[in-house]
Amino acid sequence: MSSQGPDALQRSIDRMLTEANTRMAVGKNEEASRSYHKAAQFTEQLIDMLEESDARRAWSVRAAEYKQRARTLISKGGMDSKRVKPVEDHEADDVAFSDEEADALEQQILLLIDDTPSRVDWEAIGGLGALKNELKFHYGLAMAKVPDGIEVEGWNNIMFYGPPGTGKTLLACAVANKLSATFFNVKASQIVSKWVGESGRLISTLYRVARKFTRDGRPSIIFIDEFDALCKSRGGEGQLYHQQMLAAILSEIDGFAQKGKRDLVMTIGATNRPWDLDAAVLSRFERRILIDLPCTEARADIFRIHLESKGIPVDHRSLSYARLAEETERLTGREIARLCKEVTADMLGEMNPDIPALVDAGLKRIQDYEIKVRALKQGDFSAALEGLVPDTSEADAHHYADWGKAVSDGKGA
Ligand SMILES: Nc1ncnc2c1ncn2[C@@H]1O[C@H](COP(=O)(O)OP(=O)(O)OP(=O)(O)O)[C@@H](O)[C@H]1O
Ligand SMILES: [Mg+2]
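Given the structure is predicted, the values throughout are model-derived calculations rather than measurements.

A. Here's a closer look at the environment of I336. Relative to the assigned elements, I336 resides in helix α13 (residues 333-351). Separated by 11 residues in the primary sequence, I336 and A325 place their C-alpha atoms 9.4 Å from one another. For I336, the contacting residues outside a window of four places in its chain are R299, I302, F303 and L331.

Written as structure tokens, this is what we have:
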């Protein structure tokens, strides 16, 4: 390839991308794959000319993405994908992997299937009423029968963002539960550290297996937690693998669904650091949803859920969920759950002081002993609340809403 200046290189990249799209549109996947490879090569030349900067990092993500697309297209080419090598690909060995390796990757993917959602219902989530309804509506749209000749689009890719412990994972689980979806639980950083250098391939396998699981009309949900970990602009090898994984995810969620056929593989991302996500990522997620700190009413609901779900008796003459909620501003659902656990543990300690002695007296004595409980009172919480500092600072809490506003105004990442 002849050497070109940055502007000429960008034009060449655009040309290759247009070429790839045109070829893909007429089903020439192998040729499209070649165009993506050329786009990647031009992009790498461009990167070599740039100083370390956000723009350079963004181009690196794109280069990895184009390569991944080239690979994905080759594997969709309808030929013996494991033996086909893209032309001019100096990383061609990457494409040739054995059946045993492919099987090993599939086995790893099966380990990501998580049955937690079967235990999470909408009722276990306090507050967030309007959002729950919105989620039900859009996922309902994605699943319902569509009248002939009409195109209706539900959400396939959404991103939850917000402070830690506010219910992002719970919501993803409730969606999966209600849709009877197969739930693939992916922690971005774990995959990268476990599958050094293989994460791109692992992601393609993940989406392939997820599609297989949709055969009987049930959707698959791929939940990618800590999404920001893939976008961090740190240097080093880890960063390269993160970029490969990110590129693989973006190319999978970006338009490889067959035209006219609904894609029942849905991706839900989650992050506490939305400002680390770049434009390439954000543009792929149709909805970015802030799961904020619970409001007073929601906190009351969360107290009720956590005490009632364990069957702990409550003295309603003294204890009011509304009052507890007023005294716990800025606490997350996770902190409220922890508080309920602590207060319950203190009550159990107070009611059952003889347990250590009974354990000393032998197995039979402790097995015959029945745990005593008493109803919790407002005062039990007062002591636990004293001096409690919320995990989320006021500044942090505002940061999320400000970021959301900046992005929707077009000023953000
Ligand atoms: N709205 C809620 N209603 C009831 N419980 C909640 C709520 N939000 C959080 N919790 C409690 O906190 C725990 C953690 O919630 P979850 O895992 O959904 O948080 P998250 O937003 O995914 O946090 P992270 O960002 O750290 O992953 C839950 O298992 C639950 O006990
Ligand atoms: Mg979570």
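B. Region of interest: the packing of α13 against helix α16 (residues 378-385). The interhelical angle for the contact between α13 and α16, taken along N-to-C directions, is 115°, at an axis separation of 10 Å. Here α16 runs roughly perpendicular to α13, going by the angle between their axes. In this structure, α13 crosses over α16, and the sense of that crossing is right-handed. Facing α13, whose interface residues are L339, C340 and V343, α16 presents D380, F381, A384 and L385. Here the residues of the contact of α13 with α16 sort into six nonpolar, no polar and one charged.

C. A look at helix α8 (residues 199-212). In this model α8 runs 20 Å from its N-terminal to its C-terminal C-alpha over 14 residues, within 8% of the 20 Å that 1.5 Å per residue would give. For α8, a buried count of 10 out of 14 residues is recorded, marking the element as mostly surrounded by other parts of the structure. Taken as a whole, α8 has its buried residues at S199, G200, R201, L202, I203, T205, L206, Y207, V209 and A210.

D. Layout of the site of ligand 1. In the vicinity of ligand 1 lie 16 residues, with G126, G165, K168, T169 and N272 positioned nearest. Within the backbone of G126, an N or O atom sits 2.8 Å from a nitrogen atom of ligand 1. At a separation of 3.0 Å, an oxygen atom of ligand 1 approaches a polar side-chain atom of R334. Starting from 630 Å² of accessible surface for ligand 1 in isolation, the protein chains cover 83%.

E. Summary view of the packing of helix α1 (residues 6-25) against helix α2 (residues 29-49). Running from N to C, α1 and α2 cross one another at 165°; their axes reach a closest spacing of 8 Å. When the interaxial angle is binned, α1 and α2 end up roughly antiparallel. In the packing of α1 onto α2, the handedness of the crossing is left-handed. Contact residues: P6, L9, Q10, S12, I13, M16, L17, E19, A20, N21, R23 and M24 in α1; N29, E31, A32, S35, Y36, K38, A39, F42, T43, Q45, L46 and M49 in α2.

F. Representation of the sheet that holds strand β5 (residues 287-290) within the structure. Pairing in this open sheet of five strands is parallel, and the strands run β2-β3-β4-β1-β5 from one edge to the other. Each edge of the open sheet is held by one strand with a lone partner, namely β2 (182-187) and β5. Between one strand axis and the next, the sheet turns by 20° as a mean value, whatever way the strands run. The strands touched by helix α5 (residues 129-143) within the sheet are β1 (157-161), β4 (265-271) and β5, with β4 carrying the most contacts at an inclination of about 155°.

G. Summary view of the nonpolar core. L206, Y207, I222, F227, M245, I249 and V281 are the most contacted members of the largest nonpolar core, which has 38 residues in total. If one sorts the elements of this core by residue count, helix α9 (residues 236-253) sits on top with seven residues. With residues up to four places along the chain from it excluded, the contact list for I249 reads I203, Y207, I224, F227 and L230. Y139, I158, A174 and A181 belong to the second largest nonpolar core, which has 26 residues in total.

H. Layout of the pairing of β1. Most of β1 sits inside the fold, with five of its five residues counted as buried. Burial along β1 is two-sided: N157, M159 and Y161 and I158 and F160, pointing in opposite directions, are all buried. Pairing analysis gives five bridges linking β1 to β4, with the strands arranged parallel. In the strand pairing of β4, M159 is matched with G269. Bridge count between β1 and β5: four bridges; the pairing is parallel. What sits directly across from I158, in β5, is R287.

I. A look at the pattern of salt bridges. Per the stated rule, a full pass over the model turns up 19 salt bridges. Put simply, D276 and R273 hold a salt bridge, and the shortest N to O gap is 2.8 Å. Owing to a relative accessible area of 35%, R273 belongs among the partly exposed residues under this scheme. A salt bridge links R374 to E350; the shortest N-O distance between them is 2.8 Å.

J. Highlighting the environment of M159. Take M159: it is sitting in strand β1. Exposure remark for M159: the relative accessible area of 1% places this residue in the buried category. Between the alpha carbons of M159 and I289 there is a distance of 6.1 Å; along the sequence they are 130 residues apart. Beyond its immediate chain neighbours, meaning those up to four positions away, M159 contacts F227, G269, A270, T271, L277, V281, F285, R287, R288 and I289.

K. Local environment of the packing of aromatic side chains. Under the criterion given, the structure shown has seven aromatic pairs. A centroid spacing of 4.9 Å and a plane angle of 75° characterise the contact between Y161 and W403, whose relative ring orientation is edge-to-face. Placement of the pair is Y161 in strand β1 and W403 in helix α17 (residues 394-408), with a sequence separation of 242 residues. Judged by relative accessible area, which is 6%, Y161 ranks as buried. Since its relative accessible area comes to 9%, W403 is described here as buried. Between the aromatic rings of F303 and F381, the centroid separation amounts to 5.8 Å while the plane-to-plane angle is 85°, which identifies the pairing as edge-to-face. Of the two residues, F303 sits in helix α11 (residues 296-308) while F381 sits in helix α16, which places them 78 residues apart along the sequence. Residues F303 and F381 agree in their burial class; the two are buried. Between R62 and the ring centre of W59, over which it is positioned, the NZ or CZ distance is 4.4 Å.

Conventions used here
- Residues numbered from 1 in each chain as written.
- Chains lettered and ligands numbered in written order.
- Predicted model: local features only at pLDDT ≥ 70, side-chain atom pairs only at ≥ 80, totals over all residues.
- Heavy atoms only, no water.
- Helix = DSSP H or I, 4+ residues; strand = E, 2+ residues; numbered from the N terminus.
- Contact = heavy atoms within 4.5 Å.
- Axes fitted to C-alpha atoms, helices over the stretch in contact; angles between N-to-C directions.
- Parallel < 35°, antiparallel > 145°, perpendicular 65-115°, else oblique.
- Left-handed = near helix turned anticlockwise from the far one by under 90°.
- Nonpolar A, V, L, I, M, F, W, Y, C, P; charged D, E, K, R; others polar.
- Expected span 1.5 Å × (residues − 1).
- Buried < 20%, exposed > 50% of the residue type's maximum accessible area, 1.4 Å probe, protein only.
- Near = heavy atom within 4 Å.
- Polar contact = N/O pair within 3.5 Å; in protein donor to acceptor, adjacent residues only side chain to side chain.
- Areas by Shrake-Rupley, 256 points an atom, 1.4 Å probe, with all protein chains shown as cover.
- Pairing = 2+ DSSP bridges.
- Core = buried A, V, L, I, M, F, W, Y, C linked by side-chain atoms within 4.5 Å.
- Salt bridge = Lys/Arg side-chain N within 4 Å of Asp/Glu carboxyl O.
- Phe/Tyr/Trp six-rings, centres within 6.5 Å; stacked < 30°, edge-to-face > 60°.
- Lys NZ or Arg CZ within 6 Å of the ring centre and 35° of its normal.

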